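# Structural characterization, general
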Amino acid sequence: MGERGKKSGKAPVVAIDGPAGSGKSTVARLLAKALGWVCLDTGAVYRTLGWLARQEGVSLQDEEALVALCPRLQAISFRWSDAGGLLVYLGDRDVTWAIRGEEAGRWASEVSRYPKVRAALLDLQRSFAKDAPLVVEGRDTGTVVFPEARWKVFLTASLEERAKRRMMEMGMPPEDVNLEEIREAIRERDNQDSNRAVAPLRMAPDAIEVDTTELTPQEVVERIKKLMEG
Ligand code: DC
C-alpha cells in the first residue's frame with residue numbers, strides 16, 4: 001500500500017471528516033483495514049508539511065515558501081505497521097512520531113490556512129484514489145477534495161470526550177496531563193480550522209453525521225459499513 005498508480009479510473013471513496021479528536025483517524029484506519037482499501041490521512045499531509053517547514057527553517061507564516069515545499073510532499077506514503085497502525089513516510093524516512101502530538105497539529109493548522117498551500121496539495125490527495133478504492137479522512141475531504149465521494153461521514157464528539165481521547169493518545173499518566181490545557185488546545189484548533197477563509201471545517205450537505213461520544217471505534221465502523229451496504 002502507499003504506492004500511487006498512474007491510472008485515472010474513478011475508484012470508490014469514503015470521505016470521513018470532523019474536528020480534532022472526533023475519531024476520524026482510528027475509524028478510517030479500521031475501516032480501510034476491514035475493507036482492504038487504501039487509507040489516506042490528509043491531516044498527516046499538512047502535519048508533514050508543517051514538520052518539513054520547521055526542519056528547513058521555513059516560517060509557518062510564509063505562504064510562498066510553504067508552497068515551494070509542497071512538491072516534496074509527493075514523496076509521502078502510508079504503510080501499515082505490523083500492529084495495524086498507519087505509518088507515515090516522507091521518502092524513506094518514517095515521520096510518524098515526528099508529526100504526532102498537539103504541537104505538530106498546531107503547525108498543520110497554521111500551514112493549512114493558506115489557500116495556495118491547500119491548492120498545491122489538492123492533486124496529491126486526489127491521486128490516492130486513482131487506482132484503488134480509498135478511505136480518506138480530514139476536514140474537507142467530502143466538501144473540497146472528493147466532493148463526488150460515494151459516501152460521506154461527518155464525525156463529532158463532545159469537547160470533553162475529544163480531550164480525553166487526546167490524553168489517552170499521548171500515553172501519559174493522567175496525573176501528568178492537564179486536561180484543561182488539552183481542552184483549550186482543541187478548542188483553539190477547532191476555531192482556527194472552522195473560521196479560515198478557505199475550505200473551513202464544515203459538514204458536506206450530503207454527509208451523514210455520527211456523534212461518536214458514546215460509541216466505540218468499532219461501533220462507528222459498523223455504522224459506516226451499514227451505510228455503505230445501504
Ligand atoms: O486531523 P489532524 O488533527 O491530523 O489535522 C491537523 C490539522 O491539519 C488540522 O488542525 C487542520 C489541518 N487539516 C486541514 O486543514 N484539512 C484537512 N483535510 C486535514 C487537516
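Presented here is a report on the structure given in the accompanying data block.

### Considering the nonpolar core
The biggest cluster of nonpolar side chains holds 59 residues, and the ones touching the most others in it are Ile16, Ile76, Phe78, Leu121, Leu134 and Ile224. For this core, the element with the highest residue contribution is helix 2 (residues 42–56), accounting for 7 residues. Look past the residues within four positions of Leu121 in its chain and what remains in contact with it is Val45, Tyr46, Leu49, Cys70 and Leu73. Ala20, Met167, Val177 and Ile182 belong to the second largest nonpolar core, which has 6 residues in total.

### Focus: the sheet that holds strand 7 (residues 151–156)
The strand order across the open sheet formed by 5 strands is 2-6-1-7-8, and the pairing between neighbours is parallel. Two strands lie at the open edges of the sheet, namely strand 2 (38–41) and strand 8 (208–211), each paired on one side alone. Ignoring strand direction, the axes of neighbouring strands in this sheet form an average angle of 20°. Examined bridge by bridge, strand 1 (residues 13–17) and strand 6 (residues 134–138) share 5 bridges and lie parallel to one another. Following the sheet pairing, Ala15 is matched in strand 6 by Val136. Together, strand 1, strand 2, strand 6 and strand 7 form the strand contacts of helix 1 (residues 24–35), whose direction differs from that of strand 6 by roughly 180°. Packed onto the sheet, helix 2 meets strand 2 and strand 6 and runs at close to 45° relative to strand 2.

### Side note on the environment of Arg166
Along the chain, the position of Arg166 falls in helix 8 (residues 159–170). Taking C-alpha positions, Arg166 is 9.1 Å from Ile186, a pair spaced 20 residues apart along the chain. Not counting residues within four places of it along the chain, the set of residues in contact with Arg166 comprises Ala20, Gly21, Arg47, Glu102, Ile182, Ile186 and Arg189. Within the structure, Arg166 has its side chain in polar contact with the side chain of Glu102 (distance 3.1 Å).

What counts, and where the lines are drawn
- Residues numbered from 1 in each chain as written.
- Predicted model: local features only at pLDDT ≥ 70, side-chain atom pairs only at ≥ 80, totals over all residues.
- Heavy atoms only, no water.
- Core = buried A, V, L, I, M, F, W, Y, C linked by side-chain atoms within 4.5 Å.
- Buried < 20%, exposed > 50% of the residue type's maximum accessible area, 1.4 Å probe, protein only.
- Helix = DSSP H or I, 4+ residues; strand = E, 2+ residues; numbered from the N terminus.
- Contact = heavy atoms within 4.5 Å.
- Pairing = 2+ DSSP bridges.
- Axes fitted to C-alpha atoms, helices over the stretch in contact; angles between N-to-C directions.
- Polar contact = N/O pair within 3.5 Å; in protein donor to acceptor, adjacent residues only side chain to side chain.

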